[in-house]
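Fold and contact review
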2 protein chains.
Amino acid sequence: MNDVSLVEKSLFSYIPKNDEYIKKLFDSMRYSVEAGGKRIRPRLVLEFCRLCGGDIEKALPFACAVEYIHTYSLIHDDLPCMDDDDMRRGKPSNHKKFGEDIALLAGDALQSLAFEVMSLDSTVEKVGADRAVRCISKLADYCGAKGMVGGQVIDLENETKVATYAEVSACDNLKTAALIQAACAMGAICAGADNAKVKLCESYGKAIGIAFQIVDDILDITSTDEVLGKPVGSDEDNNKSTYVSLFGIEKCREMVDGLTDEALNTLDKLGGDTEALRELALNLAKRKN
Amino acid sequence: MNDVSLVEKSLFSYIPKNDEYIKKLFDSMRYSVEAGGKRIRPRLVLEFCRLCGGDIEKALPFACAVEYIHTYSLIHDDLPCMDDDDMRRGKPSNHKKFGEDIALLAGDALQSLAFEVMSLDSTVEKVGADRAVRCISKLADYCGAKGMVGGQVIDLENETKVATYAEVSACDNLKTAALIQAACAMGAICAGADNAKVKLCESYGKAIGIAFQIVDDILDITSTDEVLGKPVGSDEDNNKSTYVSLFGIEKCREMVDGLTDEALNTLDKLGGDTEALRELALNLAKRKN
């Protein structure tokens, strides 16, 4: 079974199917987890576990955890009081399908589920309490106020003004890169890597995370609705400051190349079979959607 | 310093004060944590730690964690897509003060903060990774889809129909009692209690948790806006099924007495200095607001 299939099988195994009273909530959680995209974050957990000499089977709960966090953030991001998006990956967004109240609660429950899965007896038996708690710490830190959620707050602020480079950069570092960093770190921690090695793995995550966001900003200008799978031009319509509005497309393409090189150099330092991670970095840089 | 002061000092110590870009988020988080009520849940963590022979200093991060979860649930509960409450404990609700988007994100970040605080190096140094991860598991379990959030979903459903006893009971068990149970369990775990003892501590929490909710339902009928500090009659206005609508006030008072007795009996089984917990159960039963 390839990594994505392995992850997807695990993702659904933790969400109960039948419950007399709470079925609607579970359905709503499953709906958004099913509408997954490239599963980049969980794949990174498994790849870094493998690269650091660990058994990827043991990293699966942590791979699921980071995907649940990512999914909850998308559900909340689509809500009317946030981006107010009716569609997500070609399907009605969660609140369009289940109502705003259930969507809010499904997001909340997916965040709890992430931490539940990482602290299950079956998980702790696999990796030990020390590694489990290090992973929990890493994910909690990078997904909260000083990480992903903080990035979303800066993003909201950047929509209301002409943001500086520092503000755009702080936003992207936190909103997008933080969770990708967490994924790389968790994979390494599962395999028993020390803090220095974990830091190195994170720096790959940070580089591809920022590159990912800049590519997003470029595609928002250069792509079409059909290819991108969502309406283009939304940043411009919202007068939103992005790397592209600050530096222009050409300079941004150079930045993506620079960040991708940085990620590849990090892999060279890490050594081992880095083929899959190398390909991932290159594919993210040249992606069209 | 008494337990409440100790908890409140800790509660604010984990929320950063200054940040160039994310200040508004931290302000919003602090605003709702400050507007705290009786701090019942964190007090239970400390009391059960003490009762099981532990050092309450070590239980403080877990006391904070359960209060952050409680606070986030109130912020999200007040949102327009949920109960749409403009006031909370005599102050504007979070979204009235900071806007819906920031309130949503402050709730999300408080949930993350709960797990961050429980997995900090400084916390793990105090209680060890085993106990930390057991506490994390307990809280994640009781606050998520099969706990508090699940209870809120049943609550939403119960507003749209005449609910059965099973439905009202499932709602209260999860919506209110689950987090109180988690608090009792975490205190005991911090002190190194075994699973049997943790279960006993939880059964006290469950009994006072359900009693707490029934008293809430009674006060919604029998109190006044001034004494209760919030508008009474909201359940009746919403045609909401509660213990009171099912059984009437007299029978409900008997149920509260029965549950309080059950809690006190559990304390007898636990032994030790249970004075504070005894008083807490009795005070919650006869409270007027």
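Just so it is clear, the model here is predicted, and its values are computed rather than measured.

**Focus on the overall build of chain A**
- For chain A, the helix and strand inventory stands at 15 helices and two strands.
- The C-alpha radius of gyration computed for chain A amounts to 18 Å, which stays within 12% of the reference 19 Å derived for 289 residues, consistent with globular compactness.
- In terms of overall dimensions, chain A has a C-alpha envelope of 50 × 50 × 30 Å along the principal axes.
- Counting every position in chain A, which comprises 289 residues, the buried fraction comes to 58%.
- Across chain A, contacts joining residues at least 24 apart in sequence account for 71% of those joining residues at least 6 apart.
- When the accessible surface of chain A is split by element, carbon and sulfur atoms take 46% of a total near 11400 Å².

**Examining a nonpolar patch on the surface**
Residue and element names in this part refer to chain A.
- Judged by side-chain polarity, Tyr165, Leu246 and Phe247 come together as a nonpolar surface patch covering roughly 260 Å² of accessible area.
- Take Phe247: it is sitting in helix H13 (residues 243–247).
- Since its relative accessible area comes to 33%, Phe247 is described here as partly exposed.

**Overview of the side chain of Thr242 of chain B**
- Summarising the element assignment, Thr242 of chain B is placed in the loop between helix H12 (234–237) and helix H13 (243–247).
- Residues in contact with Thr242 of chain B, not counting those within four places in the same chain, are Val168, Asp217 and Asp235 of chain B.

**A short note on helix H9 (residues 165–190) of chain B**
Residues and elements named next belong to chain B.
- Over its 26 residues, H9 runs 35 Å from end to end, which matches the ideal 38 Å to within 8%, given 1.5 Å per residue.
- H9 sits mainly inside the fold: 23 of its 26 residues count as buried.
- Residue Gly192 follows H9 closely and has a positive phi angle near 85°.

**Quick notes on the interface of chain A and chain B**
- Contacts between the two partners involve 48 residues from chain A and, on the opposite side, 48 residues from chain B.
- For the chain A face of the interface with chain B, the top three residues by lost area are Tyr21, Leu105 and Glu116 of chain A, together amounting to 15%.
- At the boundary of chain A and chain B, one finds two salt bridges.
- We note a salt bridge from Lys146 of chain A to Glu116 of chain B, for which the minimum N-O separation is 2.9 Å.
- At the junction of chain A and chain B, the tally comes to 10 residue pairs in polar contact (both at pLDDT 80 or more).
- Put simply, the parts of the chain that give the side of chain A that touches chain B at least two residues each are helix H2 (23–34), helix H4 (56–78), helix H6 (100–119), helix H7 (121–143), helix H8 (148–158) and helix H9 (165–190) of chain A.

**Here's the deal with the relation of the copies chain A and chain B**
- Expressed as a screw operation, the relation of chain A to chain B combines 0.0 Å of axial shift with a rotation of 180°, fitting to an RMSD of 0.0 Å. Considering both components of the superposition, the chain copies are consistent with a two-fold axis. Distance from the rotation axis, computed per C-alpha, reaches its smallest value in chain A at Ala129 of chain A: 2.7 Å.
- Looking at the interface residues of chain A, 100% of them are also at the interface in chain B, so both copies use one shared face.

**Digging into the environment of Arg50 of chain B**
All names here are of chain B.
- Mapped onto the elements, Arg50 comes out in helix H3 (residues 40–51).
- Along the backbone, Arg50 and Asp83 are 33 residues apart, and their C-alpha atoms lie at a distance of 37 Å.
- When residues no more than four places from it in sequence are discounted, the contact partners of Arg50 are Asp3 and Ile56.
- A polar side-chain atom of Arg50 sits 2.9 Å from a polar atom in the side chain of Asp3.

**Some details on the nonpolar core**
- One finds Leu44, Tyr68 and Tyr204 of chain A together with Leu44, Tyr68 and Tyr204 of chain B to be the most contacted residues of the largest nonpolar core, which totals 218 residues.
- Apart from residues lying up to four places away in sequence, Leu44 of chain B is in contact with Ile180, Ala183, Cys184, Tyr204, Ile208, Leu277 and Leu280 of chain B.

**Focus: the environment of Tyr165 of chain A**
- Take Tyr165 of chain A: it is sitting in helix H9.
- In this structure, Tyr165 of chain A is in contact with Tyr243, Leu246 and Phe247 of chain A, ignoring residues within four places of it in sequence.

**A word on the packing of aromatic side chains**
- One pass over the structure, following the stated rule, counts 11 aromatic pairs over all chains.
- Note on Tyr31 of chain A and Phe98 of chain A: the rings are 5.4 Å apart at their centroids and 75° apart in plane angle, and the pair reads as edge-to-face. Residue Tyr31 of chain A is located in helix H2, and its partner Phe98 of chain A is located in helix H5 (residues 94–98); the two are separated by 67 residues in the primary sequence. For the pair Tyr31 of chain A and Phe98 of chain A, one class covers both residues: buried.
- Aromatic side chains Tyr165 of chain B and Tyr243 of chain B sit 6.2 Å apart centroid to centroid with 70° between the ring planes, which places their arrangement in the edge-to-face category. Taken as a pair, Tyr165 of chain B in helix H9 and Tyr243 of chain B in helix H13 lie far apart in primary sequence, 78 residues in all.

**A closer look at the pattern of salt bridges**
- Enumeration according to the criterion identifies 32 salt bridges over all chains in this entry.
- The shortest N-O distance in the salt bridge between Asp27 of chain A and Arg30 of chain A comes to 3.5 Å. Taken together, the residues Asp27 of chain A and Arg30 of chain A, both in helix H2 and three residues apart, mark about one turn of the helix.
- Linking Glu250 of chain B and Arg253 of chain B is a salt bridge whose minimum nitrogen-to-oxygen distance equals 3.3 Å. Taken together, the residues Glu250 of chain B and Arg253 of chain B, both in helix H14 (residues 249–270) and three residues apart, mark about one turn of the helix.

**Focus: the packing of H3 of chain B against H9 of chain B**
All names here are of chain B.
- Where H3 meets H9, the axes come as close as 7 Å, and the angle between the chain directions of the two elements is 30°. As the angle between them shows, H3 and H9 are arranged roughly parallel. Along this stretch, H3 crosses H9, giving a crossing that reads as right-handed. Touching Arg41, Leu44, Val45, Phe48 and Cys49 of H3 are Leu179, Ile180, Ala183, Cys184, Met186, Gly187, Ala188 and Cys190, all from H9.

**Considering the packing of helix H3 (residues 40–51) of chain A against H4 of chain A**
Residues and elements named next belong to chain A.
- Where H3 contacts H4, the axes come no closer than 7 Å and their chain directions differ by 155°. Relative to H4, H3 is oriented roughly antiparallel. Crossing of H3 against H4: the hand is right-handed. Here Arg41, Pro42, Val45, Leu46, Cys49 and Arg50 of H3 lie close against H4, whose contacting residues are Ile56, Ala59, Leu60, Phe62, Ala63, Val66, Glu67 and His70.
- Of the residues in the contact of H3 with H4, the class split is 10 nonpolar, one polar and three charged.

**Focus: unusual backbone geometry**
Residue and element names in this part refer to chain A.
- Backbone geometry places Arg39, a non-glycine residue, at a positive phi of 55°.
- As for its placement among the helices and strands, Arg39 is situated in the loop between H2 and H3.
- Residue Arg39 is classed as buried on the basis of its relative accessible area of 4%.
- One non-glycine residue, Arg89, lies in positive phi territory at about 50°.
- With respect to the helices and strands, the residue Arg89 is situated in the loop between strand E1 (87–88) and strand E2 (91–92).
- Residue class for Arg89 comes out partly exposed when judged on its relative accessible area of 40%.

So, how was this worked out
- Residues numbered from 1 in each chain as written.
- Chains lettered and ligands numbered in written order.
- Predicted model: local features only at pLDDT ≥ 70, side-chain atom pairs only at ≥ 80, totals over all residues.
- Heavy atoms only, no water.
- Helix = DSSP H or I, 4+ residues; strand = E, 2+ residues; numbered from the N terminus.
- Rg over C-alpha atoms; globule rule 2.2 N^0.38 Å.
- Buried < 20%, exposed > 50% of the residue type's maximum accessible area, 1.4 Å probe, protein only.
- Contact = heavy atoms within 4.5 Å.
- Areas by Shrake-Rupley, 256 points an atom, 1.4 Å probe, with all protein chains shown as cover.
- Patch = residues over 30% accessible without salt bridge, like charges linked within 9 Å, V, L, I, M, F, W, Y side chains within 5 Å.
- Salt bridge = Lys/Arg side-chain N within 4 Å of Asp/Glu carboxyl O.
- Expected span 1.5 Å × (residues − 1).
- Buried area = accessible area lost by both parts, 1.4 Å probe.
- Polar contact = N/O pair within 3.5 Å; in protein donor to acceptor, adjacent residues only side chain to side chain.
- Least-squares fit on C-alpha atoms with pLDDT ≥ 70 in both.
- Core = buried A, V, L, I, M, F, W, Y, C linked by side-chain atoms within 4.5 Å.
- Phe/Tyr/Trp six-rings, centres within 6.5 Å; stacked < 30°, edge-to-face > 60°.
- Axes fitted to C-alpha atoms, helices over the stretch in contact; angles between N-to-C directions.
- Parallel < 35°, antiparallel > 145°, perpendicular 65-115°, else oblique.
- Left-handed = near helix turned anticlockwise from the far one by under 90°.
- Nonpolar A, V, L, I, M, F, W, Y, C, P; charged D, E, K, R; others polar.

Purely spatial values, then, with no claim about function.
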